[in-house]
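Spelled out, the chains give:
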Amino acid sequence: MQRFGHVIGPASGAPTSRQWRPVFDPDTAEAYAEVADGDAASVADAVDAARQAAPGWAGLRNSERARHLERLADALEARIEAFARAEAVDAGKPLALARDIEIPRAVSNLRFFAHAATQFASESHHGEAGLNYTLRSPLGVVGCISPWNLPLYLFTWKVAPALAAGNAVVAKPSEVTPATATLLGELALEVGLPPGVLNIVHGLGPAVGEALVAHPRVKAISFTGSTAVGRRIAGIASPLLKKLSLELGGKNATLVFADSDWRAQLDTLVRSAFQNSGQICLCGSRLLVERAVYDEFREAFVASVRALQLGAPLAPGTQVGPVVSQAHFDKILRALERARAEGGRVLCGGDALDRPGWYLTPTVIEGLDATCATNREEIFGPVATLQAFDDEAQALALANAGDYGLSASVWTRDLARAHRLAAALDVGIVWINTWLMRDLRTPFGGTGASGLGREGGMEAMRFFTEPKNVCIALP
């Protein structure tokens with residue numbers, strides 16, 4: 001049985017841990033590995049290692065830190081197949097999704113922020129009150145807490161800018177999917193990243209995550225996960241005046257207008273609801289469809305969902321795998337029971353497969369209004385709802401009806417309508433006639449229950465630094 005140990009300073013693997021927790025394969029629901037079960041002492045050790053490494057790392061030229069990140073990106077790219085297989089087994093996601101999209105995106109994250117390190121410039125201002133320039137210094141030791149749904153993709157999304165900006169990192173990946181973060185930590189040491197610059201501590205949120213958030217030497221926390229946990233983190237960190245970036249849940253709307261080219265884009269619309277078994281915070285789980293085409297759209301959409309190939313993560317052709325854990329499987333089943341109790345009509349799916357593992361059939365539900373729990377609370381699984389609207393105003397009202405404000409997609413040929421809706425939707429990200437198209441230079445994040453702050457591009461570099469203005473009097 002494999003073991004995924006902490007990576008603290010120069011040490012990695014089993015010798016660093018005394019207690020272990022099982023790691024389950026979602027395809028079989030059986031334990032296939034063990035992960036270190038850390039505690040506050042583990043966090044303290046990692047923070048000490050980071051504190052020792054931080055001055056030397058911050059003292060490097062930006063170009064030197066960039067070269068370290070480029071070497072790590074090169075090494076990861078050379079091992080894409082191995083990392084993809086590890087992630088497919090660990091998270092239950094189709095191998096093709098991990099190999100072709102998610103692990104390459106982790107490589108891109110490392111490369112992008114390597115380049116960002118060399119382009120991150122101080123600002124200067126003059127002509128009003130002396131000569132001013134702004135220094136941006138690394139914070140020192142920072143904490144990064146990443147989720148189970150996109151394990152390496154989101155781990156590198158946080159760790160790369162923190163390192164590029166000159167910080168030493170203590171990172172906590174999800175204990176549910178620890179494999180690829182551990183492998184990356186070991187790879188970082190292998191390619192020469194200075195020990196202590198990137199530390200990885202495994203364990204449960206209450207034991208490790210909260211200890212990391214509360215540690216007085218940790219100057220900032222970047223977290224991606226549920227809104228409930230984000231609120232808990234804010235409650236701990238805010239009295240300590242720590243910097244916080246909270247990327248939380250979503251209940252995203254997909255607005256399909258009759259004039260759109262939805263028939264040609266049907267595969268993308270289905271993918272936007274069911275990629276990674278719907279376990280992406282950006283999935284469009286609420287499809288709002290103009291009434292003039294609602295019946296035709298419903299028939300075509302349900303047929304395409306029924307055609308999705310559900311199967312084992314490593315099986316060729318699998319498009320939808322199992323969900324990640326027993327707890328999440330049970331949560332989604334409860335949500336389906338609630339949807340039926342609220343009067344929802346299940347058009348396809350709605351149940352578990354009679355086979356080992358945590359398999360749920362992709363589900364489409366109609367007949368529910370915007371106020372019900374099914375359309376307001378994040379399910380985070382292979383479940384989508386359909387609602388009809390009569391005009392643009394009603395579509396906007398339905399889209400903005402909930403507490404979340406992460407993303408939306410608008411499908412229309414009317415450019416003026418697209419701009420109006422993009423401005424009026426209460427979300428942080430709007431896609432027009434596309435979904436999940438990402439430019440790494442752009443800010444990422446949401447409003448309301450979807451979080452606090454922005455990640456991505458220079459927003460991430462600014463978050464992980466402290467600005468200091470210097471003003472020089474001019475004669």
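Just so it is clear, the structure is predicted and the values come from calculations on it, not from any experiment.

Reading the values: rules and limits
Residues numbered from 1 in each chain as written. Predicted model: local features only at pLDDT ≥ 70, side-chain atom pairs only at ≥ 80, totals over all residues. Heavy atoms only, no water. Pairing = 2+ DSSP bridges. Helix = DSSP H or I, 4+ residues; strand = E, 2+ residues; numbered from the N terminus. Axes fitted to C-alpha atoms, helices over the stretch in contact; angles between N-to-C directions. Left-handed = near helix turned anticlockwise from the far one by under 90°. Contact = heavy atoms within 4.5 Å. Nonpolar A, V, L, I, M, F, W, Y, C, P; charged D, E, K, R; others polar. 1 Å grid on protein atoms, 1.4 Å probe; cavity = no way out; pocket = protein on both sides within 12 Å on 5 of 7 lines; lining within 4 Å. Points joined across faces, edges and corners; volume = space filled by probe spheres on them. Phe/Tyr/Trp six-rings, centres within 6.5 Å; stacked < 30°, edge-to-face > 60°. Buried < 20%, exposed > 50% of the residue type's maximum accessible area, 1.4 Å probe, protein only. Lys, Arg positive; Asp, Glu negative; His and termini not counted. Salt bridge = Lys/Arg side-chain N within 4 Å of Asp/Glu carboxyl O. Right-handed = clockwise from strand over helix to strand, strands pointing away.

Time to look at the sheet that holds strand β7 (residues 131-138). Taking strand neighbours across the sheet as the criterion, the three strands line up as β6-β7-β23 in an open arrangement whose pairing is antiparallel. The open sheet has two edge strands with one neighbour each: β6 (123-126) and β23 (465-472). Each adjacent strand pair in this sheet contributes to an overall mean axis angle of 20°, direction not counted. Relative to β7, β6 runs antiparallel, the two being bridged by four bridges. Following the sheet pairing, His125 is matched in β7 by Asn132.

Relative orientation of the contacting elements helix α7 (residues 205-214) and helix α8 (residues 227-237) amounts to 35°, with a least axis distance of 9 Å. Here the hand of the crossing between α7 and α8 comes out right-handed. Every residue of α8 that contacts α7 at Glu210, Val213 and Ala214 is listed here: Arg232, Ile233, Ile236 and Ala237. For the contact of α7 with α8, the residue count by class is five nonpolar, no polar and two charged.

Roughly 960 Å³ of volume is contained in the largest pocket. What lines the largest pocket is a set of 41 residues, among which Trp148, Phe223, Gly225, Ser226 and Val229 lie closest to the centre. At the level of secondary structure, the elements contributing two or more residues to the lining of the largest pocket comprise α7, β11 (218-224), α8 and α11 (326-341). The element contributing the most residues to the lining of the largest pocket is α8, with six residues. Within the lining of the largest pocket, the residues separate by chemical class into 18 nonpolar, twelve polar and eleven charged.

Time to look at the packing of aromatic side chains. Summed over the entire model, instances satisfying the criterion amount to ten aromatic pairs. Between Trp148 and Phe380 the ring centres are 5.5 Å apart and the planes differ by 75°, which places this aromatic pair in the edge-to-face class. On the criterion of sequence distance, the pair formed by Trp148 in the loop between β8 (141-145) and α5 (151-164) and Phe380 in the loop between β16 (363-366) and β17 (383-389) is long-range, its members being 232 residues apart. Residue Trp148 shares its accessibility class with Phe380, and that shared class is buried. Ring plane angle 90° and centroid distance 6.3 Å describe the contact between Trp157 and Phe444, whose orientation is recorded as edge-to-face.

Within the secondary structure, Asp25 is located in strand β4 (residues 20-25). Here Asp25 occupies a buried position and makes no salt bridge, while the nearest side chain of opposite charge, Arg355, is found at 9.0 Å. Setting aside residues up to four positions removed in sequence, Asp25 forms contacts with Glu30, Tyr32, Val89 and Trp358.

Taken across its five residues, strand β12 (residues 243-247) has four buried, putting it largely inside the fold. As paired elements, β11 and β12 share five bridges and run parallel to each other. The residue bridging Phe223 from the neighbouring strand is Leu246, located in β12. Since β11 and β12 lie parallel, the crossover through α8 that links them has a hand, and here it is right-handed. Pairing analysis gives two bridges linking β12 to strand β22 (residues 451-452), with the strands arranged antiparallel. If you follow Glu247 over to β22, its bridge partner there is Gly451.

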